Amino acid sequence: MSVTSEVGEKLEALPEAAAIALRMKAEHYFDAIRAILDVFANKKSLDSIYVTSTIPSTSIINALDVLEIKLDHIWFVDCISQIMMSPAQKHGHSIYVESPTMLDNLMLKVEYLIRKTSDRKNLVIIDSINSLAIHNNTKILSEFLHILVNNLRAKEAYTIIFSMVEYETEDIRNMLNLVSDELVEVEGKA
Amino acid sequence: MAPREREQDEPPERDRCITGIDGLDNILNGGIPRGNTVLVTGSVGTGKTSLCLEFLVHGSMAGENSLYISATEATAKLLSNIIPYDFFDRKLVRDGRLVFIDLPVIYDKLGLEKLEFEFEEVNILITALANIVDELDIRRLCIDSITSVCYRLKTQENIRDFILKLGSMLSSRGCTSLLVSEISPAEERYSLYGVEEAIADGVIVTGNLERRGDLLRTLQVVKMRGTMHSRAKYVLDLTSVGVLLVPLLKGGSVAAPGG
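Residues numbered from 1 in each chain as written. Chains lettered and ligands numbered in written order. Predicted model: local features only at pLDDT ≥ 70, side-chain atom pairs only at ≥ 80, totals over all residues. Heavy atoms only, no water.

In this section: the interface of chain A and chain B. The interface of chain A with chain B comprises 21 residues on the first partner and 22 residues on the second. Here chain A and chain B share an interface that buries about 1800 Å² over both sides, 59% of which is from carbon and sulfur atoms. Ranking the residues of chain A by area buried against chain B places A:Asp104, A:Leu108 and A:Arg115 at the top, with a combined share of 33%. A salt bridge links B:Asp86 to A:Lys116; the shortest N-O distance between them is 3.1 Å. Elements with a minimum of two residues in the side of chain A that touches chain B: helix 4 (103-116) and helix 6 (138-154) of chain A. (Contact = heavy atoms within 4.5 Å. Buried area = accessible area lost by both parts, 1.4 Å probe. Salt bridge = Lys/Arg side-chain N within 4 Å of Asp/Glu carboxyl O. Helix = DSSP H or I, 4+ residues; strand = E, 2+ residues; numbered from the N terminus.)

Here is the structure:
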């Protein structure tokens, strides 16, 4: 089974508005994104809010373009482009947070997009807890995830938190256990 | 205590003026108690005017005639700089449900040319404002800013007298009002003269908070008579869907107070 099918099936088996920690190897990153945005979100008719602190949103948008995934119902909160001082063009589907340390503003941008896209239910993807952990201490990151996940749950939105197993620490594992309803492992078996 | 006795002991719940700003209504446990005079205080660029405008826009949309009195900025300029709210309809202005008046125009009409107001001028100004509120059936009012009026009052006694009379006049008409107060970032009190916050029914403080080099806009309700409310600090964002608020993350990492 492909990684895309595996992730798609595992997500579909989960309850509505679940908070999911998606643990994967870095090599499965783009397959997992495809499974979430193209398969899962489409099937459930969800508006996706993709929070990226790992790579700039333009890189993900380019990858989605190659994968022929339409952006109509996908929006980005990009908290890495500004800090990189990259002169990259701003994309109409991206809004920007100055730095991944501005977790409060990140919550505000998610809230803004939820209000702007109020027709459908939402799926919020946090990519990734590992990169957020580079810029934030465990205390504030746990507090952020706890508030965000509970807020999204109240709005009947799905939350998927990416975690790259290669970069996981014990603190990160504890955090994921604390805030998520389900831990989904991407096995990627042939 | 039996439930019936407890009901008799508790003061009746006051009617609320729902601000329409979800986060603020949650903080205030349902909105500002109707008729309260609330000081909105903070340094420049912290969102005071946006907060007030949204309060008035939501009021006018809900059928409550709303009045914005601008003391420092001409209405035309203010409207050109207003955030393009998704929910704002210029018809509200055309229909007279949302009214903008420049305070210098009121001064001119009243012949208040002196730079320093005495007791008599204060009374003339209050009477004029009362007439406007009555004529236009105003239910929500904002004066932006009260600091510029206080500049002309000079003494703490005159300021106290003005705000007491203004609050009493508006409250007796069921008009809920926001008075904007400008303070410098380093100020340790909530108003320039230290009088306004003591007399107002409520104090909402906006500010800037620097945390590890990031500058956050914050909001805190310090006082609000007539309701239980949160006194925690929140982070705010000014957006096209209105003012958004989330709790300020503490995380043990707040390095420098600033707002």
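Residues and elements named next belong to chain B. Interaxial distance between helix 8 (residues 146-153) and helix 9 (residues 156-172) falls to 9 Å at its minimum, and their mutual angle equals 135°. On the basis of their axis angle, the class for helix 8 and helix 9 is oblique. For helix 8 against helix 9, the interelement crossing comes out right-handed. Residue-level inspection shows Ile146, Val149, Cys150 and Leu153 of helix 8 in contact with helix 9, the latter providing Asn158, Ile159, Phe162 and Leu166. Each residue belonging to the contact of helix 8 with helix 9 can be placed in one class, and the counts come to seven nonpolar, one polar and no charged. (Axes fitted to C-alpha atoms, helices over the stretch in contact; angles between N-to-C directions. Parallel < 35°, antiparallel > 145°, perpendicular 65-115°, else oblique. Left-handed = near helix turned anticlockwise from the far one by under 90°. Nonpolar A, V, L, I, M, F, W, Y, C, P; charged D, E, K, R; others polar.)

Another point: the packing of aromatic side chains. Each aromatic ring pair is summarised here by two numbers: the centre-to-centre distance and the angle between the ring planes. Residues and elements named next belong to chain A. Tallying each qualifying case throughout the model produces eight aromatic pairs over all chains. Ring geometry for tyrosine 29 against phenylalanine 162: centres 6.2 Å apart, planes inclined by 80°, an arrangement best described as edge-to-face. In this pair, tyrosine 29 sits in helix 2 (residues 29-43) while phenylalanine 162 sits in strand 6 (residues 158-164), placing the two residues 133 residues apart along the sequence. Comparing tyrosine 29 with phenylalanine 162 shows no difference in burial state: the two are buried. Between the aromatic rings of tyrosine 50 and phenylalanine 76, the centroid separation amounts to 5.4 Å while the plane-to-plane angle is 45°, which identifies the pairing as tilted. On the criterion of sequence distance, the pair formed by tyrosine 50 in strand 2 (residues 47-52) and phenylalanine 76 in strand 3 (residues 74-78) is long-range, its members being 26 residues apart. With respect to class, tyrosine 50 is no different from phenylalanine 76; both count as buried. (Phe/Tyr/Trp six-rings, centres within 6.5 Å; stacked < 30°, edge-to-face > 60°. Buried < 20%, exposed > 50% of the residue type's maximum accessible area, 1.4 Å probe, protein only.)

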